[in-house]
Amino acid sequence: MSTPIHRSSTRQSAAVLTSAQQRREGSRTGSTSARSTEHALLAMQSRAGNRATTAAVQRARDGARDPARDTERDRAAENGGASAGAKKNYRDRIAALLDRFKKNLEPIDTFIKGFQTPTNAAFTQQAAVSANEGLKHSAAASGTSAASGNLLTEAAGTVVSGMDAYKNMKDAKKHETGANHHTAKKKAKTKGADAVVGAANSGSYSAAIAKEVTKVQKAADAAVASEASGIASASIGAIKGMRSAFRVGGAARKYKEVKSLGDPHVVHAGSLARLNESREQAGWAAAEAYVALDAYWAHDGPERLELVSEAIDAAWEAMGEARDAAESLQRAEKDVEKLSTVQGYAKKKQLTKMGKETVSGGGESTKAAAGIVTAVAAGTVGLASNPVGWGLAGAGAGLVLGVTMYKALRAATKRYEEVHHPERWAPKGETPEEAASRKESLKHALKFWKKVSKGERQAMAREIYALAAGPDISGSGSTTAEMRESARSLLIALKSGPAKHKLEPEAWVETLNDPAKTGDWIQEIAEQLASG
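Residues numbered from 1 in each chain as written. Predicted model: local features only at pLDDT ≥ 70, side-chain atom pairs only at ≥ 80, totals over all residues. Heavy atoms only, no water.

For the chain, the helix and strand inventory stands at 16 helices and zero strands. Within the chain, contacts between residues at least 6 apart in sequence are counted, and of these 78% link residues at least 24 apart. (Helix = DSSP H or I, 4+ residues; strand = E, 2+ residues; numbered from the N terminus. Contact = heavy atoms within 4.5 Å.)

What follows is the structure in structure tokens.
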């Protein structure tokens, strides 16, 4: 159980009220009731952020004391293998702890970025217009709390990203070729970039803390700190905006590649027509065989029984060929529908990614513009009010918050469906797990630190692999050569081709037909569907 958060003592509360009363009495402008409401709101923001952060730290600390994890560590030590395995286990436990700690902080970070920071900017603007030193002091204190919360989340995320990048770099070297190599290499690049951006963002938040602290202390160099903070904020906003632009470009290129494959119904119209013609010919041959059988039954010669026996064999063989031809056509038609579905899903994922990155990048660029305005205002007119900077900061925060809320809602919905409707995306031939109740499903949906492992994307990855895999893979033996080639072209469009895997085309095809690599391929395809 988390350690309870104790309330401030009566003496401290009295001191705070006395200080607030003195500030209200010393103020020259504005109504008394309005200012008390402003101070109360700012104090409430600071306390809420501090309490939530403390609770998140305690939850992460409790997770570190999980007996199951301790048992797993003891079992690994007993199994032997010495210090290398112990160090790896220790490093993995630290990474898992930091990752959960970061994810516990993310809702707080979202609240700070979307509500507390814009509100602080509004009160700072109002304090500057009214020359209210008390309100300015309270806004600066709340801003210090907000920037500290942002810094804590960003620093934890930077460390986690750095550790993930290092781990995936080692995995990429371990797996020199194939799906595992490409997946690890791509993750190493992404996490490495996340670590660099996170480190720069941590510096920006440190500058923001320094700026607010100088305001609280009424230091002489407050304008310099404000200018430095504005420049840092503008720089990191520009970097994030550029990174979003690159991601939009990558998703657009992948969308274009998938779209260039064409509509499977049109592409495979010829092969379906040939299969249908084969089915019709096999049907006519079966009909002719049965006509011949009837004729032999009516024959009265001594060779009647021998002719009838041969006719029965011929009719049976003809019926088998007709049945096989019909099944081939039916299978091909189903595969065309599957290929059309997965291609449509791949294009939809890229369009969605383009939309999210465009809005998020626009928000970061707007925040960068706000940082520039703040820096210019601080350098030219000191700490005078700047409604333009405030407005830009609020608009940027709103855009980023909108994307964050959209992602959170989508993830929660997928987690709910994962346990409430397990049969929806369960692998074929596998008995789905028992559906959870609505209450349990809602609880699972709120576990924001957990990733969806059995959702639509994983199901689509399995469908693509089944179409592209070779005849040695269960369920893929009856796929036509044309359909298999189209599915492999889709893999190349999704950046999972031979060149990305550092393999020759023949070796690449062999990995697709290797049952031992089925899990690696499905994971690779799922990752490529989600990325640009």
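Residue-level pLDDT values for the chain average 77, and 74% of them are 70 or greater. For the chain, per-element mean pLDDT is lowest for helix α1 (residues 10-26), which scores 39, and highest for helix α14 (residues 481-493), which scores 95. Note on residues 1-34: pLDDT under 50 across the span, and 19 contacts to partners over four residues away in sequence or across chains. Within the model, the stretch residues 63-84 combines pLDDT values under 50 with eleven contacts to residues more than four positions away or in other chains. (pLDDT = per-residue confidence, 0-100.)

Attention now moves to the side chain of histidine 182. Turning to its location among the elements, histidine 182 is positioned in helix α6 (residues 178-217). With a relative accessible area of 8%, histidine 182 lands in the buried category. With near-sequence residues (within four places) excluded, histidine 182 lies in contact with Lys495, Lys500, His501, Glu524 and Gln528. (Buried < 20%, exposed > 50% of the residue type's maximum accessible area, 1.4 Å probe, protein only.)

This part covers α14. For α14, which comprises 13 residues, the first-to-last C-alpha distance of 18 Å matches the rise-based estimate of 18 Å (1.5 Å per residue) to within 8%. One or two positions beyond α14, positive phi appears at lysine 495, with a value near 65°. (Expected span 1.5 Å × (residues − 1).)

One non-glycine residue, lysine 495, lies in the positive phi region at around 65°. For lysine 495, the position within the fold is in the loop between α14 and α15 (505-512). The residue lysine 502 is not glycine, and still its phi comes out positive at about 55°. Checked against the element boundaries, lysine 502 lands in the loop between α14 and α15.

Moving on: the nonpolar core. Counting 32 residues, the largest nonpolar core has Ile464, Tyr465, Leu491, Trp521, Ile525 and Leu529 as its most contacted members. Those elements that provide at least two residues to this core are α10 (304-381), α13 (456-468), α14, α15 and α16 (518-530). Sorting elements by how many residues they give to this core places α10 first, with seven residues. Ranked by size, the runner-up nonpolar core spans seven residues in total, among them Ala282, Ala286, Ala289 and Ala322. (Core = buried A, V, L, I, M, F, W, Y, C linked by side-chain atoms within 4.5 Å.)

Looking at where serine 204 falls in the secondary structure, it is placed in helix α6. Dropping the residues within four chain positions of it, serine 204 is found in contact with Ala232, Ser233 and Ile236.

Turning our attention to a negative patch on the surface. A contiguous patch of negative charge, built from Glu303, Glu306, Glu310, Asp313, Glu317, Glu321, Asp324 and Glu327, is present on the exposed surface. Relative to the assigned elements, aspartate 324 resides in helix α10. (Patch = residues over 30% accessible without salt bridge, like charges linked within 9 Å, V, L, I, M, F, W, Y side chains within 5 Å. Areas by Shrake-Rupley, 256 points an atom, 1.4 Å probe, with all protein chains shown as cover. Salt bridge = Lys/Arg side-chain N within 4 Å of Asp/Glu carboxyl O. Lys, Arg positive; Asp, Glu negative; His and termini not counted. Charge placed at Lys NZ, Arg CZ, Asp CG, Glu CD.)

Moving on: the pattern of salt bridges. Scanning all chains against the criterion turns up twelve salt bridges. Arginine 424 is paired through a salt bridge with glutamate 417; the nearest N and O atoms lie 3.5 Å apart. Taking relative accessible area as the criterion, arginine 424 reaches 41% and is therefore assigned partly exposed. With a shortest N-O distance of 2.9 Å, glutamate 433 and lysine 454 are connected by a salt bridge. Highlighted residues: glutamate 433 in the loop between α11 (387-420) and α12 (438-445) and lysine 454 in the loop between α12 and α13, separated in sequence by 21 residues. The class for glutamate 433 is exposed, based on a relative accessible area of 54%. Here the residues in one salt-bridge network are Asp194, Arg243, Arg247 and Glu357, joined through shared partners.

With that settled, consider the packing of α14 against α15. Angle between the axes and distance between the axes: these two values describe a pair of packed helices. Two numbers describe how α14 lies on α15: the axes approach to 13 Å, and their chain directions differ by 105°. Here α15 runs roughly perpendicular to α14, going by the angle between their axes. The segment α14 lies against α15, with Arg488, Leu491 and Ile492 engaging Trp508, Val509 and Leu512. Its residues assigned to classes, the contact of α14 with α15 comprises five nonpolar, no polar and one charged. (Axes fitted to C-alpha atoms, helices over the stretch in contact; angles between N-to-C directions. Parallel < 35°, antiparallel > 145°, perpendicular 65-115°, else oblique. Nonpolar A, V, L, I, M, F, W, Y, C, P; charged D, E, K, R; others polar.)

Attention now goes to the packing of α13 against α16. Two elements in contact, α13 and α16, have axes whose closest approach is 8 Å; the angle formed by their N-to-C orientations is 120°. Accordingly, the angle class assigned to the pair α13 and α16 is oblique. The handedness of the crossing between α13 and α16 comes out as right-handed. Across the interface between the two elements, Arg457, Gln458, Met460, Ala461, Arg462, Ile464 and Tyr465 from α13 touch Thr518, Trp521, Ile522, Ile525, Ala526, Glu527, Leu529 and Ala530 from α16. (Left-handed = near helix turned anticlockwise from the far one by under 90°.)

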